[in-house]
Structure formats: structure tokens, C-alpha cells
Amino acid sequence: MRVCNLRCESMTNPLGISITSPRLTWNLTSDRRSVWQQSFLVTVWEEVLDNGTLRREQIFSSGEIVSRDTALVLPEELIRSRSRYDWTVQVTDNYGETALSQENAWFEMGLLQEKDWSARWIEPRQHPVYREEIPTEEYIADLQTFDEGRRRWIVDESGDVPAEETTAQSHEIREDILYPCPMLRRCFTISGEVVRARMYATAHGIYAAELNGQRVGDLMLAPESSSYFDYLQVQTYDLQDLIREGENTIGITLADGWWAGRLGCTGESVRYGDTLGLLLQIELYFADGHIETIGSDAGFVSTLEGPRRYADLSIGEKYDANCILAGWSESGYDDSGWTAVMEKSYDLSNLRGQNAQPMRYLEERPLAESYVSLQGDLILDFGQLMAGTAAMHLTGEPGSVVVLRYFQVTDREGNYYYETMGENSQMTDTVILDQNGQADYDPLFTLHGFRYIAITTERGAVTATQCHARLLASDIDVTARIVTSNPKLNKLQENIEWTIRSNMLSIPTDNPDRERSGWTGDVQMVGPAICYNVDAQAILRRWLVYCRHEQGAGGEIPAIIPNWRIANSIATDSTAGWGDVVIHLPWHLYRKYGDIRILKENYTMMQRWLDLEKSRAADANPPWIGEITPKRAEDLQYLWNADWNFGDWMTPSASVDEKTGEVRIGAMCLCWLMGTYYFAYSTVLLEQIATLLQQEEDAAMYHALYEKIRQAAIHEFYDTGKIYESRYVGAQILALHMGFYREGGKDRLMRRILEQLEEKGMNTGFSSSLVLPQQLCENGNIEKMYDFLLNENKPSWLYEVDQGATGVWESMEGLQPNGDIAMCSFIQPAYCSIGNWMMEGMAGISAAQPGFTTIRIHPNYTDRLDYVEASYRSEQGEIACRWDHTGATRDLKIRIPANTTAEVFLEGASIDTTKADNEDVNALNGLAQIHEKQNGLLLVLGSGEYAFSWDVTVQ
Ligand code: BGC
């Protein structure tokens, strides 16, 4: 037995966190079967400086704890600012074998208190960032608002809203309102041997630091995106390898980033402030026992003359190779022309550590192809859509201006195509070559969603060499692998993985090209698939902290978090399905990772959100409501039907203009149902959460509330035929999911669903796509589910693959067979929600108990696939499952991690016809229970690897 995968707050050796009761977790592995943890013992050492010598002092021992839990939350009293803690865990298993972890596991705290800072905020001389405000009226002109503009009646009783024509905005970059990136520097001299060197840094804006001419660390876009006024991350760096005796120089470049730059669809700037600033503190511990601190202060000087002439996350960066300031972050550089900086006294109470994995360049893609397009552009194709940038060496005429336009899809002739709607998303980097006609270009402060780059220059020719694209995102592990006998399905899984990774940009985003925003609804819907595909625990837990900060006094949840106050946020605030993320996401996280803290810390937010839904349902009705009889009045209290919502967003048939066939983003349908559906859904989840948190009274209250909502929905929507007759299949799917039907109604709704799917294919929007697989499979229509998954006609996932997709599209109508391109993102996570079913339904791996302490293995077989092989790195370790079938024989090979139990269903198997490891199944080592079921065998197994084979006798 081995103890491995030691993690602190789901991160491997995190540097500079500020979580003061960190949770430590580990896994066990063993070659034996049915291994579980009998007891564990966690020991923690603190690194202390004793007269200039670093030594480890044991500060905690849990004592031997008899438990199967592989997690321990450390007591807060232990944790001190700046300290590094090493830890081990010793485990004894049920065979009496004892093992001590061998990994070098540690975590280190950042500065935890305001008084830890002696540095001051400083601001270099700069142009304040140009405030671009988009007139709100332009964005909400079409909204019929009432109630102080907070709500919107749906246009008519059908609740369907056709989308307006959408156009790409101008390409023009207004360089006159974009300003150079300030560079700051300061020298300091040290004498004596340094035994520990740390730098703590953050910015208003984003920053990159150099020490003695070398980049400090490899983090990108720090301090990343967060709800800045409440939560600004500070990064911690180990300077040991960069610091040297004698003179040292620290250099920092600042850019607008999320603090001041253009954000979201409307591209407004200055969401938090218009002035860039820096807070930095270097702490040096010497062998002779003394400590020196160098903080940002008036001793820094700055310039605006550097090579980054402007840098905006969305617009792009302008780099002038003639302005390179060689040696600017080294000693001996002549900074006599640089100007003094201003000290500022900003509040430090919003400073936090780096509490989730930082952003980095994660993966490189070399150039796949380059060609000159018909329009004369040099096109670089990296073969993969991603969030990131490309680095390259450019050669051309001395001093010429080279423009790099990043984009997602070409037009049908292979030309550059700009499909991004909204303002200020040019995704264009501009490079000015030096006097030798050269530039090494490596963007620092921007991020694009792209596969291609179109290169043009205003004079002469340009060549690009050493080109490579890099995925730039939060550095989280990929945790899923799914391979099947169908290569197109494999490509879909690859696309899901790239799309999800490209949208974990410190916050979960909707896309990396147009908006890069934390749209709450998208996170709600794709949360389960995110948790399978990547280890999103820390990132999503931190994002929920932002949700708590951003919740309004009346329980409101903005549609985008961090709330960039999009122009129409008043109208889109607190919408059904979007705001509900505050209940759904903690629930998904609890189910996937088994950490009950996530429910506890968000419970009040959840309750406040549900109270808002309840009061909004009770206090208004839409204008078309008709006569309100006393009997009806009671029901109407429980229908959330009057407020603005996005409906079953992106429903394919609603997105295509019936007359022109043109695809338009923003059409809405089923708005009449969505509020009540989510009100019911969230109430059901909150009842379960309250029960888990032993809030029995709350649970009973939510139980009763759900019944009221359900009855009201039945009377108003089911009995009236509104659900059944809807031409959008989402209506029937969602009604089935929430029990909005009377006895016998289930079959009736299912028939209607099948009829509609037959007629229109996968005509489901964001919300109904998530629950469709479960509804089909639980109601005996597994083959139907495979019809959709394997279907290659539009709209479908494999249609996208057939069109050459390397990401999952925002709209299944994104590219038309005739080559028409919709104004949408081609790397948007919402439709990755199918990834959840691909793991749970197709591959058959799901959690029977939260955090996979008990695993369910129950694949949905189909004759249309010869095999499916999948693995998932769960909280308990790697789970693997492969099923094959040849003729009437099925094979199932599984790997169950130590310390877990699996409930494995062998569909169609019977005891006589089943072989386990080539032996009689009854004799199986590791078998705890065996149950003969009507349509197969249910085995309860201990950990280990198993192989089953059986002839299908029951179908
Ligand atoms: C985003 C979505 C988001 C939506 C609101 C879009 O522009 O990309 O994914 O949820 O707006 O409906």
C-alpha cells in the first residue's frame, strides 16, 4: 500500500494561500484488493528561522485517528502568516500494513494580515485609462421594462423572443486612447547570505516582475480576475535563485488587465479604477538572523517609454521592438530619465492569497500550417482553438508595422474571418519591427481565443518563424480520459477538454474570445462536466466566494461574476437558471468532491437566493395572466413568471430565422417556464442540502414549498396543455425533470419528447441539454440518447466535429453546411454539459456517494460502439472502466481505487453466465455482495482491478 497524491486545498504544494484552516487530502494505492484505510496520522512541521538557520519544528500531530476519511482540516490556531508547513500522512490499512507518504508535501501561507505589510501602494506617472462607457440605453432599448427597470415582461404570452440582427463591431483599434504600459524599477543592495527570500506582489491592473534581468516566476496575468473590491489576490514568489549578494534590481511592468481594461461583451473599461498601481514586498532572511524588507515605496522610479505601447486583455497588445529598454531590470541601468512614483494609502483589507491554481502557459502547439490567403494575408494555423497567445520571430522591413489578427474560423475560402460581436474584442496584436527588421514577439498582457492568426504588414513582406501557440489558463489538472471505438466521439471529448480548459481563466468563463465573463448560468449548466474533466475544486470554490461578495442586499445574484456591471445588468440581474448557480454549483461540487464545507459556507447565500425567488414569484404576474380567481391566486404565488430570463438559451430552432435561415444569437424561448422550473429545481436541491446540514426545519419547509410549486405548475402549465403543446422540446424535458405532470403524464410527455426529437433532432437549449440525457436514459430510451450523441446532422455535437471543430460551439448552428458563419464563439463550454453524461452514462462511472467514496459503475451499452474506455481521477484516486462487446459477449474491466467500494452493474448478466477474472463470479476475491436483479447482476466490490465477461441473456 502506498500513500500518494498529497494535496492541500486540492492543490499540490500551494505557495502563498490565505486559507487559514487548510484541508489536507491524500489517496491510497495498493496492488491488493479490498484495501481500505483503518487509521491515519497526519504530522505537520513548520519551517522556523532560528538565529538565521532554517529548521523544521513539529507543530501538529493528529494522533492516530481510526477513520476511512482521507481528509483532515487543520485547526486555525496553527497557521501563521508567511509560514511554510511540511506534512506527512501515515496510514494503516485493513491488512495491518502501515505506510508513510513519501512525497515532499508542503503548503505556504501568504501575508495574512494588514499589519504584515510595510510596503505602500505606489502609482507610476501614467495616463489614466480611458473610460469607455457604453450607453446603457443602446443595450436595453429593446427591453420592455417596468418596476424601475429591474424586470421585463416577456413580449407576449408565447414567451418567445426573436433575436435581433447581430453584427460584428468595427475592427478599428483607437490607438489614440490606448496608453503605454508603465515600467517601474528600484535597486537595493544586500550583504550577507540569504537563507529565505520571498516576494509578495499584487497590482491594480496586471503585472509581470523581473529581478536582475530575469522573469520572477512563470505566472501569467497575475493577480488574475476576482471581485477586486472585496478580494484581490497577492502572489508569493520564492526569490532564492534570483537574489544575489550586492546590488539587486527589481523591475515591474503594469498593464490594464481586469482592473481598468475593456471587459465583457460591451467592452467597457475602468470597471474598478483608471489608475494602475503596485503593491510589492520583498522579505529577506539572512544567515546571521536579521531580516530585511524592501517594499514598494517612493524609492521606485517609472517610465512609459518601454516596448509595450499598450496592452489590453481583449483588444490586444502593441509591441515596439525599437523601444526595448535593454537591461532595465538590472543594476547599472541608467534610469536618470525615469520619474518618481506616488505613494498611496489604499485599504488593504481586500488582500487575499493565491487560493487556487494560478494562470500559466500550459501547453504549446507548433504551427500546423501556414499559407497566404486569397486576401493576401499570411495565415498561421495552429490546428487547435484555445485561450492563449502565440509567440514568434518576425522578420520584415526595418521599422514596419506588423499586425497579428487572432481568429477562430476562416471563411469558406480560408480567409481571415471576424465573427466576434460586441465591442473592443479585436484580439489583435501589433508589432513594430526594429531597425534590422526583426522582432521576437511574446505577448505578456493579453489573451485571445484563437486557432488562426492573420499576419499583415503595411510595407514589404513579413515572415514568421519559431511560431508556437500556448494555452493560457488556470493550471489545473485534466482528470478525465474517454476513448471509444468511434473516432468522432473521441474528437468530441478532446474538444470538450480544450473548451473547458480554455475557459478556466481564473474564473469559469463563457468563452475566451468575445466576453471572457463569469456568466453564472453557464457555470450552473456545465459545472458537472467541468468537475469530471478538470480538477476545478479550488477555482470554483473561490468563485463562490466572489458570488457571496456580489450577492445583493435582497439576495440578488448578478448574471456575471465578478460583476463587471455589464450595461444591461439591471435587466439581467437575478435571472432564473443563472442566479440559481449559487445552489446548483455547491451541490455539484459536494457530489463530485465530497467536501461538506462547500455546502456550509454557501448555505446562507443559497437561502437568500431562494427567498428572492420565492418573493419574486409571489409579488408579480405577467400582464397576459388573465382572470385571477381566488383558487388561481394561490397557485400564482408559486410561479416565477414575471421576471426577465434567458429562456432555454440557444435552442437551435429558435436561433435560426425561419425566413432567411440566418443564425442569430440571443433568441429566447420557453421564458414562461424557466423561472418556475428553476424555482422548483433549486428548492429540491436546497431541501437535500438542508437535510445534509441537519437543518430539518428548513428541509421540511423546502419540501412543502416544492410541492406547492409543482402543483401550481401542473395547474397552470400541464393541465392547460402549455407544456405538452410547446414546439420546443425543452418544455417537456424540463417538466419531466421537475415532475410538472399528473399521473400517467410521464409516458405522455416522453412520447411527445421522442416525437419532437424525431422531427427536429437535438433541438435543446443550454438548460434542457443538461437534463435530456438523464431523462432519456432513466425512462428507458438509451438508444435514443445515442441517436443524438452519434447523430451527424445539424444540430448535433458530431456535426460540429464533421465541420472540423476543435472546440465546442456556443451555437450548434455555428457553421452552416454552406459555409455561413454565425456570430458566435466556437469554444464555449455550455454545450460541453454532455461531457457529464459521457462519463456517467456512456462510460458508466459516477458517484454513488459524495466524493466517490462509493462508486457506481453502470455503463449504458449500445451496439453502435464496440468499446468505451474511460478513466477519472476522483478525490479518492483513479477510477477506470472499459467495456467491450463482441456478439453476445460483454467484457467489463474496471479499476477501483483503494479505500472505496464500487457498486457494479453487469447488465444482462446472470450468475451462471458470468466469469470474473475467468473464474466463477461467486468465488471472486473482493466481492462483498452479489444481487441478482431483473435485468442483470449487481456486485458490491472492494478496491482493485477486475475483469468480467458474460453473455447477454436479458435485454
Ligand atoms: C454568453 C452566454 C451567457 C449569455 C446570457 C452570452 O453572450 O456568452 O453564454 O450565458 O450571454 O444569456
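Predicted model, so just to flag it, every value in this text is computed and none were measured. Residue positions are counted from 1 within each chain, in the order its sequence is given. Where totals are concerned, whole chains, interfaces and linings use all residues; where local detail is concerned, this predicted model gives features only for residues with pLDDT of at least 70, and gives and counts side-chain atom pairs only at 80 or more. The basis for every side-chain value is the complete set of non-hydrogen atoms in the structure, without hydrogens or water.

Draft legend 1. Highlighting the sheet that holds strand 41 (residues 854-857). Read from one edge of the open sheet, five strands run 40-41-45-49-48, paired in mixed fashion. Each of the sheet's edge strands pairs with one partner strand only, and the pair in question is strand 40 (845-847) and strand 48 (927-933). Across the sheet, the mean angle from the axis of one strand to that of its neighbour is 20 degrees, orientation sign disregarded. When DSSP finds at least two bridges between two strands, those strands are taken to pair. Secondary structure elements are taken from DSSP: a helix is a run of H or I of four residues or more, a strand is a run of E of two residues or more, and numbering for both begins at the N terminus. The sheet contact formed by strand 45 (residues 901-907) and strand 49 (residues 936-941) spans six bridges and is antiparallel. When the bridges of strand 49 are listed, Val 904 appears paired with Leu 939. Axes, fitted as lines to C-alpha atoms, cover a helix only where it is in contact. Angles between the N-to-C directions of the axes lie from 0 to 180 degrees.

Draft legend 2. Molecular detail of the layout of surface pockets. The volume enclosed by the largest pocket comes to roughly 1300 Å³. Within this scheme a cavity is a closed region of a 1 Å grid, computed over the protein atoms alone, that accommodates a 1.4 Å probe without allowing it to escape, whereas a pocket is open but has protein on both sides within 12 Å along at least five of seven lines; lining residues each have an atom within 4 Å of a point. Lining the largest pocket are 39 residues, and of these Gln 774, Glu 778, Asn 836, Glu 840 and Arg 856 lie nearest its centre. The greatest single-element share of the lining of the largest pocket, amounting to six residues, is contributed by helix 16 (residues 766-778). Its residues assigned to classes, the lining of the largest pocket shows 14 nonpolar, 15 polar and ten charged. Grid points are joined across faces, edges and corners, and a volume is the space filled by probe spheres set on the points. The residue classification treats Ala, Val, Leu, Ile, Met, Phe, Trp, Tyr, Cys and Pro as nonpolar and Asp, Glu, Lys and Arg as charged. All others, Gly included, are polar.

Draft legend 3. Up close: the pattern of salt bridges. Any carboxyl oxygen of Asp or Glu that lies within 4 Å of a side-chain nitrogen of Lys or Arg is treated as forming a salt bridge with it. Here the structure, examined in full by the defined rule, presents 65 salt bridges. Measuring nitrogen to oxygen at the nearest pair gives 2.6 Å for the salt bridge that ties Arg 262 to Glu 132. Remark: Glu 132 occurs in the loop between strand 11 (121-123) and helix 1 (136-140) and Arg 262 occurs in the loop between helix 2 (257-260) and strand 21 (277-286); sequence separation between them is 130 residues. Put simply, Arg 882 and Asp 884 hold a salt bridge, and the shortest N to O gap is 2.7 Å. Accessibility expressed as a relative area gives 23% for Arg 882, which makes it partly exposed. A cluster of three or more residues bridged by salt bridges with shared partners is formed by Glu 9, Arg 23, Arg 541, Asp 595, Arg 597 and Glu 601. Burial classes follow relative accessibility: with a 1.4 Å probe on protein chains only, a residue under 20% of its type's maximum area counts as buried, one over 50% as exposed, and anything between as partly exposed.

Draft legend 4. Region of the structure containing the state of the cysteines. Two cysteine sulfurs form what is called a disulfide whenever their separation falls within 2.5 Å. Scanning the model with the defined rule gives zero disulfides in all. Between Cys 8, a free cysteine, and Cys 4, which holds the nearest cysteine sulfur, the sulfur-to-sulfur gap is 17 Å. On the accessibility criterion, Cys 8 (1% relative accessible area) is buried. Distance from the sulfur of Cys 881, which forms no disulfide, to the nearest cysteine sulfur (Cys 777) is 15 Å. Using a relative accessible area of 3% as the deciding quantity, one classes Cys 881 as buried.

Draft legend 5. Spatial organisation of empty space enclosed by the protein. The full count for this structure, using the stated rule, is six cavities of 30 Å³ or more. Lining the largest cavity are 17 residues, with His 127, Val 129, Tyr 179, Pro 180 and Asp 256 positioned closest to its centre. Its residues assigned to classes, the lining of the largest cavity comprises 13 nonpolar, two polar and two charged. Looking at the second largest cavity, its volume works out to about 100 Å³. Lining the second largest cavity are 14 residues, and of these Trp 258, Leu 313, Leu 447, Arg 516 and Trp 564 lie nearest its centre. Here the lining of the second largest cavity is composed, by residue class, of eight nonpolar, three polar and three charged.

Draft legend 6. Examining the side chain of Glu 268 more closely. By the element assignment, Glu 268 lies in the loop between helix 2 and strand 21. The definition of a polar contact used here is a pair of N or O atoms within 3.5 Å, where within protein one atom must be able to donate a hydrogen and the other to accept one, and adjacent residues in sequence count solely through side-chain atom pairs. Within the structure, the side chain of Glu 268 is placed 3.1 Å from the side chain of Thr 266, a separation counted as a polar contact.

Draft legend 7. Molecular detail of the site of the ligand. Only a single heavy atom is needed: when it lies within 4 Å of a molecule or strand, its residue is near that molecule or strand. By nearness alone, every residue bordering the ligand is listed as Asp 510, Asn 511, Arg 514, Glu 515, Trp 519, Asp 522, Trp 578, Phe 646, Trp 649, Phe 766, Glu 810 and Gln 828. Contacts to the ligand include Trp 578, whose side-chain N or O atom sits 3.0 Å from an oxygen atom. Relative to its unbound accessible surface of 310 Å², the ligand loses 95% to contact with the protein. For the shell around the ligand, a count of residues per class yields five nonpolar, two polar and five charged. Computed with the Shrake-Rupley method and a 1.4 Å probe, the accessible areas treat only the protein chains shown as cover for residues.

Draft legend 8. Representation of the pairing of strand 35 (residues 448-457) within the structure. Summarising burial for strand 35: eight of the ten residues are buried, a large majority. Two strands pair when backbone bridges link them, and strand 31 (residues 378-395) and strand 35 are joined in this way by seven bridges, in the antiparallel orientation. The residue bridging Asp 381 from the neighbouring strand is Tyr 452, located in strand 35.

Draft legend 9. How the structure looks around helix 8 (residues 597-619). What a helix should span is 1.5 Å times the count of its residues minus one. Compared with the 33 Å implied by 1.5 Å per residue over 23 residues, the 34 Å span of helix 8 between its first and last C-alpha is a close match. A maximum bend of about 50 degrees is found in helix 8 at Tyr 603. Working definition for bend: take the seven residues up to and ending at a residue and the seven starting at it, fit an axis to each, and measure the angle between the axes.

Draft legend 10. Seen up close, the confidence of the model for the protein chain. On a range of 0 to 100, pLDDT expresses the predictor's confidence in each residue. Per-chain confidence: the protein chain averages 93 in pLDDT, with 95% of residues scoring 70 or above. The contact criterion used is simple: two residues touch if any of their non-hydrogen atoms lie within 4.5 Å. When the criterion is pLDDT under 50, residues 141-150 qualifies, and its contacts beyond four places in sequence or with other chains add up to 18 contacts.

Draft legend 11. Expanded view of unusual backbone geometry. That bond from Ile 561 to Pro 562 is cis: its omega, 0 degrees, falls within 30 degrees of zero. Here Lys 794 and Pro 795 are connected by a cis peptide whose omega angle stands at -5 degrees. Positionally, Pro 795 belongs in the loop between helix 17 (782-790) and helix 18 (797-802). With a phi angle near 50 degrees, Gln 466 is a residue other than glycine that sits in the positive phi range.

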